[in-house]
Amino acid sequence: MRYSKGSVIFAYIVMILGGVIMLYPFLFQMFGALITANEYENLVFLPLPQDLGAWRFKSMLYIFSRSNVWYSIGLTIAKVVWYVVITTFTNVVGGYIFQKTQFWGKTFIFYFFMASMMIPGIATVVPGFVWNVRFPLVGGNNIFGQGGTGFYQNIAMHFVQGLVGIGGIFLYMQGLKGLGNEYKEAAEIDGAGFFGTVFKVYFPMLLPLIGMNIINTFIGQWNDYSTCLFYLDQNEKAWTIGYTITQELNALGLQRKDGTPPEYPKIFGLSFMFLLPPIIIYIAFQDMFISGLTMGTIKS
């Protein structure tokens, strides 16, 4: 099908305008970190600095002067590594079980798990809080979940949620669907066991989905705010970077009650530096991410 010249030009105009609209907040934030407070008060459209002297990057570097930020980054990276390893294991094994094996009640169990995805996340906040606070034998609780605080204000809370996700299992099921059963049969003939077949035969062919999992896990954990807000707001040693940055932004004036103006250059600098790691991770794994998205559409 050939498109008219006018329709092609119109499509390019729409894409360019869409790109400008999406990039404008990012550019405003980046350049806003390079100007002074006085220059910010007089800006019109985009806070372009008059020069690029080294001193103008102090707002971006401000984040590195905060000792608590380094600790939060380390804790967040530990969470990312933990969840990448755990969710990759559980999702690959779960996807293989539901896609490549046969057992009684498989269809019912699968649809039962899938039905849980229909429940809005907001509807599970209160029940989840009660469950974690009353968790047996944790935080002073007895076997019946009474007498203590469970995972409330306990740093272990960062590492006990979302260890198994039916959405991830379904994604790996779709990826395995495009990989024939002959690989499984050949591995079993060669004497490979269950885990040998999963991780030595199929796992290397699922690397695009692994890359996709790394991106999603990193972005999810890097931006995680609610865990600290609900469970760890009084335990500063358990704050991840998403919550720590919010507290730093509030200290710079976003929620000041004394009437003093916010320190916008530092606010932009903190926000910009907070955005950089997810962007870098996406760029590094984008090929695997795109391959992972298309891999789930392949049919055997």
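Residues numbered from 1 in each chain as written. Predicted model: local features only at pLDDT ≥ 70, side-chain atom pairs only at ≥ 80, totals over all residues. Heavy atoms only, no water.

## Focus: the overall build of the chain
Here is step 1: Summing up its helical and strand segments, the chain has 13 helices and zero strands in all.
Here is step 2: Across the chain, helices and strands are ordered from the amino to the carboxyl terminus as α-α-α-α-α-α-α-α-α-α-α-α-α.
Here is step 3: Computed over the C-alpha atoms, the radius of gyration of the chain is 24 Å, more than 25% above the 19 Å expected from 2.2 N^0.38 for a compact globule of 300 residues.
Here is step 4: Relative to its full complement of 300 residues, the chain shows a buried share of 37%.
Here is step 5: The contacts in the chain between residues at least 6 apart in sequence include a share of 66% that link residues at least 24 apart.
Here is step 6: Counting only carbon and sulfur atoms, one obtains 68% of the accessible surface of the chain, whose full area is about 17800 Å².
Here is step 7: In the chain, which carries 17 positive and 14 negative side-chain charges, the distance between the mean positions of the two groups comes to 5 Å. (Helix = DSSP H or I, 4+ residues; strand = E, 2+ residues; numbered from the N terminus. Rg over C-alpha atoms; globule rule 2.2 N^0.38 Å. Buried < 20%, exposed > 50% of the residue type's maximum accessible area, 1.4 Å probe, protein only. Contact = heavy atoms within 4.5 Å. Areas by Shrake-Rupley, 256 points an atom, 1.4 Å probe, with all protein chains shown as cover. Lys, Arg positive; Asp, Glu negative; His and termini not counted. Charge placed at Lys NZ, Arg CZ, Asp CG, Glu CD.)

## Focus on the confidence of the model for the chain
Here is step 1: When pLDDT is averaged across the chain, the result is 85; 93% of the residues are at 70 or more.
Here is step 2: Element-level pLDDT for the chain is lowest in helix H13 (residues 264-295), with a mean of 79, against a maximum mean of 92 in helix H11 (residues 226-231). (pLDDT = per-residue confidence, 0-100.)

## Considering the packing of helix H5 (residues 106-116) against helix H7 (residues 166-177)
Here is step 1: Following both chains from N to C, one finds H5 and H7 inclined at 125 degrees, their axes separated by 9 Å at the closest point. By the angle class used here, H5 and H7 are oblique. Residues Phe110, Phe113, Met114 and Ser116 of H5 lie in contact with H7, whose contacting residues are Ile166, Phe170 and Met173. (Axes fitted to C-alpha atoms, helices over the stretch in contact; angles between N-to-C directions. Parallel < 35°, antiparallel > 145°, perpendicular 65-115°, else oblique.)

## Regarding the nonpolar core
Here is step 1: By size, the foremost hydrophobic cluster in this structure holds 27 residues, and its most contacted members are Met60, Ile63, Trp222, Ile241, Ile245 and Leu270.
Here is step 2: Elements represented by at least two residues in this core include exactly helix H1 (5-32), helix H4 (67-100), helix H10 (207-222), helix H12 (241-254) and H13.
Here is step 3: For this core, the element with the highest residue contribution is H13, accounting for seven residues.
Here is step 4: Contacts of Ile245, omitting those with residues within four sequence positions, involve Ile63, Leu270 and Phe274. (Core = buried A, V, L, I, M, F, W, Y, C linked by side-chain atoms within 4.5 Å.)

## Topic: the pattern of salt bridges
Here is step 1: The full count for this structure, using the stated rule, is five salt bridges.
Here is step 2: The closest approach of N and O atoms between Lys79 and Asp224, which form a salt bridge, is 3.2 Å. Residue Lys79 is found in helix H4, and its partner Asp224 is found in the loop between H10 and H11; the two are separated by 145 residues along the sequence.
Here is step 3: Lys79 gets classed as buried once you look at its relative accessible area, which sits at 2%.
Here is step 4: Measuring nitrogen to oxygen at the nearest pair gives 3.0 Å for the salt bridge that ties Glu188 to Lys184. Of this pair, Glu188 and Lys184 both sit in helix H8 (residues 182-189), four residues apart, which is roughly one turn of that helix.
Here is step 5: Residue Lys184 is classed as buried on the basis of its relative accessible area of 17%. (Salt bridge = Lys/Arg side-chain N within 4 Å of Asp/Glu carboxyl O.)

## Regarding the packing of aromatic side chains
When we look at a pair of aromatic rings, we describe it by the centre distance and by the angle of the planes.
Here is step 1: Taken as a whole, this structure holds 31 aromatic pairs when the rule is applied.
Here is step 2: Between Phe129 and Tyr231 the ring centres are 5.3 Å apart and the planes differ by 25 degrees, which places this aromatic pair in the stacked class. Of the two residues, Phe129 sits in helix H6 (residues 125-133) while Tyr231 sits in helix H11, which places them 102 residues apart along the sequence.
Here is step 3: Within the aromatic cluster, the residues linked to one another by ring pairs are Phe89, Tyr96, Tyr183, Phe194, Phe195, Phe199, Tyr202 and Phe203.
Here is step 4: Looking at Lys237, its charged tip hangs above the ring of Tyr71, at a distance of 5.1 Å from the centre. (Phe/Tyr/Trp six-rings, centres within 6.5 Å; stacked < 30°, edge-to-face > 60°. Lys NZ or Arg CZ within 6 Å of the ring centre and 35° of its normal.)

## Quick notes on H7
Here is step 1: End to end, H7 covers 16 Å across twelve residues, agreeing with the expected 16 Å (1.5 Å per residue, within 8%).
Here is step 2: Within the span of H7, buried status applies to Ile166, Gly168, Ile169, Tyr172, Met173, Gly175 and Leu176. (Expected span 1.5 Å × (residues − 1).)

## Here we look at the packing of H8 against helix H9 (residues 194-202)
Here is step 1: The geometry of H8 relative to H9 is characterised by a closest axis approach of 10 Å and an angle of 120 degrees between their N-to-C directions. When the axis of H8 is compared with that of H9, the two are oblique. As for the relative orientation of H8 and H9, their crossing is right-handed in sense. Contacts between H8 and H9 involve Tyr183, Lys184 and Ala187 on the former and, on the latter, Thr197, Val201 and Tyr202.
Here is step 2: Among the residues making up the contact of H8 with H9, the classes are represented as four nonpolar, one polar and one charged. (Left-handed = near helix turned anticlockwise from the far one by under 90°. Nonpolar A, V, L, I, M, F, W, Y, C, P; charged D, E, K, R; others polar.)

## Concerning a nonpolar patch on the surface
Here is step 1: Taken together, the side chains of Val126, Phe129, Val130, Tyr225, Leu229 and Phe230 present a nonpolar region at the surface, about 500 Å² in accessible area.
Here is step 2: When residues of the nonpolar patch are traced back to their parent elements, those giving at least two are H6 and H11.
Here is step 3: When residues of the nonpolar patch are assigned to their parent elements, the largest contribution, three residues, is made by H6. (Patch = residues over 30% accessible without salt bridge, like charges linked within 9 Å, V, L, I, M, F, W, Y side chains within 5 Å.)

## So, the environment of Gly150
Here is step 1: Take Gly150: it is sitting in the loop between H6 and H7.
Here is step 2: Beyond its immediate chain neighbours, meaning those up to four positions away, Gly150 contacts Asn132, Val133, Val138, Gly139 and Asn141.

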